[in-house]
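Commentary on secondary and tertiary structure
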Amino acid sequence: MPSASSDSSPSVPSSLWQDADFRRLWLGQTASQLGEHASLVILPLLAVLALDATAGQLGVLRAVGQAPILLLALFAGAWVDRWRTRTTMVLTDAGRALALGAVALAGLSGRLGMPGLIALACAVGALSVFFDVAYQASVVRLVERDRLVRGNSALEGSRSAAQIGGPALGGALVSLLSAPIAAALSALFFALSFLSIRRIRRAEPVPERPEHQPRVRHRILEGLRFVAGDTRLRAVGLASAAFQFSFAAVMTVYLLFLPRELHLSGIVVGLVLAAAGPGALLGSLLAARLPGRFGHGPVLVCAAALGDGVFLWVPALNGSPAVTVPALLVTGFVFGFGGQLVNVTIMAVRQAVTPDGMQGRAAATITFAGMGLAPLGSLFGGFLAGECGLRTGLLVAAAGMMLSPVVMAFSPLARMGRQLPGPHGGPPGG
């Protein structure tokens with residue numbers, strides 16, 4: 001596909017929010033994230049309430065919905081780097097709207113069964129992988145590099161809000177209406193995203209396609225080699241892998257620790273887990289300012305140490321809920337704040353040092369490196385809880401999360417200053 005001519009692109013407004021195309025991307029991504037996080041609650045509730053799913057069937061449904069991250073992330077990166085991100089996002093939005101619409105119609109007509117629901121959940125999960133990789137790559141194609149942190153801050157802020165409001169909205173829709181109707185309303189969010197992103201007018205500088213295009217496998221390997229060959233991106237991948245493995249272990253033990261060790265009710269457990277959302281919103285807002293003031297490296301290391309380290313004191317909590325619940329709410333808030341500050345800054349760094357033709361593959365490779373270890377981390381957390389007890393197991397898993405800031409502290413990431421570097425390395429044209 002030929003590169004878009006720079007003459008065909010409109011001038012970029014001085015203010016990010018004055019850019020109509022960025023507003024359309026932000027609105028579409030926000031609607032898409034709301035639909036995605038609402039469906040993560042709606043589909044399991046539909047299985048339980050309408051289909052009387054067993055625990056095993058529900059586990060399969062959730063696993064199938066998550067499996068595309070591992071199976072398709074690298075392929076999605078190779079795909080996105082050869083197509084316009086706008087096209088990819090529009091097609092995936094349309095696909096998810098149709099899939100959830102099919103769930104609603106089948107549910108209302110009484111023709112929905114677990115095999116069909118599992119297949120549609122897999123389709124929604126697969127399309128979400130492509131959308132998530134595409135929207136991350138689209139920021140670089142729509143926003144000037146010196147405004148990447150602000151652009152990512154806005155998009156990650158809306159994602160944080162969706163993580164808070166999406167599950168609550170999904171649960172409320174199922175409770176007030178019905179699971180099939182809730183699925184239909186969730187499909188409307190993807191339709192809204194489709195309509196908004198479709199209106200983006202700025203031409204994307206997509207790299208030219210060579211006459212003899214390399215196979216997808218070779219393009220995936222190019223992405224792996226590029227990330228492994230850049231010391232900063234390699235550190236991002238290693239830190240992400242350490243965090244995702246340990247965090248999966250922490251959450252496995254944590255979800256047992258709260259009700260069994262601290263004797264908290266299900267409602268209180270949900271409140272404790274939701275506390276990370278407001279912290280993430282604050283982290284997104286400050287991510288637009290702090291790196292430019294203190295440097296990207298110091299912000300990354302300090303935020304990771306703060307957000308990951310806050311879980312170290314949780315195993316010591318004991319006593320009345322009047323004491324433990326406020327402490328847990330603070331823990332969740334601090335974790336959300338530090339984690340989101342790291343996420344936004346890391347994304348800006350990755351986008352800045354990656355050539356345009358490698359954006360999708362770099363994002364997918366790092367996602368694969370991190371999320372690929374999450375299932376093993378969950379198994380490790382279960383092992384710790386069974387063999388060491390909940391308090392000791394939680395302490396060991398929380399200590400493992402500190403590997404992430406340690407990796408960053410001893411890498412070139414820690415020395416990054418206030419200005420983001422430019423891209424280098426990468427094959428010409430991706």
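Scope of this entry: the structure provided in the associated data block.

Rules and cut-offs
- Residues numbered from 1 in each chain as written.
- Predicted model: local features only at pLDDT ≥ 70, side-chain atom pairs only at ≥ 80, totals over all residues.
- Heavy atoms only, no water.
- Helix = DSSP H or I, 4+ residues; strand = E, 2+ residues; numbered from the N terminus.
- Buried < 20%, exposed > 50% of the residue type's maximum accessible area, 1.4 Å probe, protein only.
- Contact = heavy atoms within 4.5 Å.
- Areas by Shrake-Rupley, 256 points an atom, 1.4 Å probe, with all protein chains shown as cover.
- Expected span 1.5 Å × (residues − 1).
- Patch = residues over 30% accessible without salt bridge, like charges linked within 9 Å, V, L, I, M, F, W, Y side chains within 5 Å.
- Salt bridge = Lys/Arg side-chain N within 4 Å of Asp/Glu carboxyl O.

When helices and strands are tallied, the protein shows 17 helices and zero strands. Counting over 430 residues, the protein shows a buried share of 50%. Across the protein, contacts joining residues at least 24 apart in sequence account for 90% of those joining residues at least 6 apart. When the accessible surface of the protein is summed, it comes to about 18400 Å², and 67% of that surface belongs to carbon and sulfur atoms.

Inspection of the secondary structure puts Ala203 in the loop between α6 (179-198) and α7 (216-229). Given the relative accessible area of 22%, Ala203 is considered partly exposed. Spatially, the C-alpha atoms of Ala203 and Arg141 are 8.7 Å apart, while their sequence positions differ by 62 residues.

Next up on the list: helix α3 (residues 85-109). Taking 1.5 Å per residue as the helical rise, α3 with its 25 residues ought to reach 36 Å, and the 36 Å between its terminal C-alpha atoms agrees with that figure. Where α3 ends, the next residue or the one after it, Gly110, has phi of about 75°, a positive value.

In this section: a nonpolar patch on the surface. On the surface, Phe75, Trp79, Trp83 and Val216 cluster together into a nonpolar patch covering about 330 Å² of accessible area. Considering the arrangement of structural elements, one finds Val216 in helix α7. When its relative accessible area of 39% is taken as the criterion, Val216 is described as partly exposed.

Moving on: the environment of Ala352. Inspection of the secondary structure assignment puts Ala352 in helix α13 (residues 321-353). On the basis of relative accessible area, Ala352 is assigned to the buried category, the value being 1%. Residues Ala352 and Val140, 212 residues apart in the sequence, show an inter-C-alpha distance of 8.1 Å.

In the structure shown here, the tally under the stated rule is seven salt bridges. When the shortest N-O distance is used, the salt bridge between Asp21 and Arg24 registers 2.9 Å. With a gap of three residues between them, Asp21 and Arg24 both fall in helix α1 (residues 20-51), about one helical turn apart. Each member of the pair, Asp21 as well as Arg24, is classed as buried. Measuring nitrogen to oxygen at the nearest pair gives 3.2 Å for the salt bridge that ties Arg232 to Asp230. Classification of Arg232 as buried rests on a relative accessible area of 12%. Through salt bridges with shared partners, a single network forms among Glu36, Asp93 and Arg96.

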